Amino acid sequence: MKKSLLALSAIALSFAPANAALVISQGAIGVIDSNDTVICDGVTDCNGALTGNFINFFSSIPGQAAALPGNNTSQIAVRGSDLSAILAVDSLVSSFSFDWGSVDTYNSINIFTSTGNFTVNGSDLPPANGNQNSFGTNFRFTAQFDAPTFLEDIEFVSTRNSFEFDNVSIAAVPEPATWAFMIFGFGAIGGALRSNGRRQRKANLKVSYA
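What counts and what doesn't
- Residues numbered from 1 in each chain as written.
- Predicted model: local features only at pLDDT ≥ 70, side-chain atom pairs only at ≥ 80, totals over all residues.
- Heavy atoms only, no water.
- Helix = DSSP H or I, 4+ residues; strand = E, 2+ residues; numbered from the N terminus.
- Buried < 20%, exposed > 50% of the residue type's maximum accessible area, 1.4 Å probe, protein only.
- Contact = heavy atoms within 4.5 Å.
- Areas by Shrake-Rupley, 256 points an atom, 1.4 Å probe, with all protein chains shown as cover.
- 1 Å grid on protein atoms, 1.4 Å probe; cavity = no way out; pocket = protein on both sides within 12 Å on 5 of 7 lines; lining within 4 Å.
- Points joined across faces, edges and corners; volume = space filled by probe spheres on them.
- Nonpolar A, V, L, I, M, F, W, Y, C, P; charged D, E, K, R; others polar.
- Disulfide = S-S within 2.5 Å.
- Polar contact = N/O pair within 3.5 Å; in protein donor to acceptor, adjacent residues only side chain to side chain.
- Pairing = 2+ DSSP bridges.
- Salt bridge = Lys/Arg side-chain N within 4 Å of Asp/Glu carboxyl O.
- Core = buried A, V, L, I, M, F, W, Y, C linked by side-chain atoms within 4.5 Å.
- Phe/Tyr/Trp six-rings, centres within 6.5 Å; stacked < 30°, edge-to-face > 60°.

Caption draft 1: Representation of the overall build of the protein chain in the model. The helix and strand inventory of the protein chain stands at 2 helices and 11 strands. Looking at the protein chain residue by residue over its 210 residues, the buried ones come to 50%. Counting contacts in the protein chain only where the partners sit at least 6 residues apart, residues at least 24 apart contribute 77% of the total. For the protein chain, the exposed area adds up to about 9,800 Å²; of that, 56% sits on carbon and sulfur atoms.

Set out below in structure tokens:
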């Protein structure tokens with residue numbers, strides 16, 4: 001088990017658009033940083049922040065969703081017939097994390113920020129073979145920005161059964177008074193973009209790997 005965890009923590013990808021950088025890392029499932037704030041713990045629709053198509057479940061549902069290892073609380077699954085669920089964050093953050101279960105190549109995440117968008121595919125995180133018990137496919141996913149970033153939405157996408165996740169958390173950035181107008185502006189831009197439809201959003205930024 002120790003060897004598996006060491007191998008898991010060694011996997012890291014760097015996403016580097018022109019004016020920002022996003023570093024993806026993997027850790028032990030269920031381990032939430034004490035400084036993080038959980039904003040979606042798998043209960044119903046996360047106080048209205050989670051929209052789209054998804055199911056809440058407590059234990060594995062054959063053919064539909066596999067429970068995250070060691071987790072018997074409410075979890076979320078986006079099935080192939082559901083296509084995607086969108087979590088509205090609208091906060092200035094340094095990072096966000098969530099528990100990702102039985103990662104498959106047909107799972108993906110779209111990360112929408114005020115300065116551009118990122119896409120992370122399950123195939124970027126090998127082995128991505130859907131194993132329901134392996135530490136290699138069940139982990140704590142963390143996206144770390146290189147500077148405070150206004151995170152608008154996280155979209156969880158799956159073209160087959162399923163994308164299982166739980167305990168989405170953010171590391172919020174303190175908001176000094178000097179940032180107040182900037183943050184207000186980001187929020188207004190995010191709201192306008194959403195009102196015009198997701199397909200009208202700015203194009204994805206180029207992704208590169210370190």
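Caption draft 2: Representation of the layout of surface pockets within the structure. Volume-wise, the largest pocket comes out at about 160 Å³. Taken together, 14 residues line the largest pocket, and the ones lying closest to its centre are Ala-65, Ala-66, Gln-132, Asn-161 and Glu-164. Grouping the constituent residues of the lining of the largest pocket by class yields 4 nonpolar, 8 polar and 2 charged.

Caption draft 3: Local environment of the state of the cysteines. Applying the stated criterion to the full structure yields 1 disulfide. Between the sulfur of Cys-40 and that of Cys-46 lies a disulfide, 1.9 Å long from S to S. Looking down the S-S bond of the Cys-40 and Cys-46 bridge, the torsion is 55°, so its handedness is right-handed. By relative accessible area, Cys-40 is classed as buried at 1%. For Cys-46, a relative accessible area of 5% corresponds to the buried category.

Caption draft 4: How the structure looks around the side chain of Gln-75. Inspection of the secondary structure assignment puts Gln-75 in strand β6 (residues 75-78). Using a relative accessible area of 0% as the deciding quantity, one classes Gln-75 as buried. Within the structure, the side chain of Gln-75 is placed 2.8 Å from the backbone nitrogen of Leu-68, a separation counted as a polar contact. At 3.1 Å, the side chain of Gln-75 and the backbone oxygen of Thr-73 are in polar contact. In this structure Gln-75 touches Gly-42, Ile-55, Asn-56, Phe-57, Phe-58, Ala-67, Leu-68, Phe-165 and Asp-166, once residues within four positions along its chain are discounted.

Caption draft 5: Broad picture of the pairing of strand β10 (residues 139-158). Of all 20 residues that make up β10, 16 are buried, and the element is covered over most of its length. Pairing of strand β2 (residues 22-27) with β10 involves 6 bridges; the strand directions are antiparallel. Bridged to Gly-27 within β10 is Arg-140. Here 14 bridges tie strand β7 (residues 84-101) to β10, and the two strands are oriented antiparallel to one another. Across the sheet, the residue bridging to Ile-86 is Glu-155, located in β10.

Caption draft 6: Quick look at the pattern of salt bridges. Taken as a whole and assessed by the stated rule, the structure comprises 2 salt bridges. Across the pair Asp-82 and Arg-79 runs a salt bridge, and its minimum N-O distance is 2.9 Å. A single burial state applies to Asp-82 and to Arg-79, both of which are buried.

Caption draft 7: Summary view of the nonpolar core. Counting 34 residues, the largest nonpolar core has Phe-96, Phe-98, Trp-100, Ile-111, Phe-141 and Phe-156 as its most contacted members. Secondary-structure elements contributing two or more residues to this core are β2, β6, β7, β8 (107-113), β9 (116-121), β10 and β11 (163-172). Leave out the neighbours within four places in its chain, and Phe-156 touches Val-78, Leu-83, Ser-84, Ala-85, Leu-87, Phe-98, Ser-108, Phe-163, Phe-165 and Val-168.

Caption draft 8: Molecular detail of the packing of aromatic side chains. Applying the stated rule across the entire model yields 13 aromatic pairs. Relative to Phe-163, the ring of Phe-98 lies with its centre 6.3 Å away and its plane at 40°, an arrangement referred to as tilted. One end of the pair, Phe-98, is in strand β7; the other, Phe-163, is in strand β11, and 65 residues separate them in sequence. Under the relative-accessibility criterion, Phe-98 is labelled buried at 0%. You can call Phe-163 buried: its relative accessible area is 0%. Taking the centre distance of 5.8 Å and the plane angle of 85° together, the rings of Phe-163 and Phe-165 count as edge-to-face.

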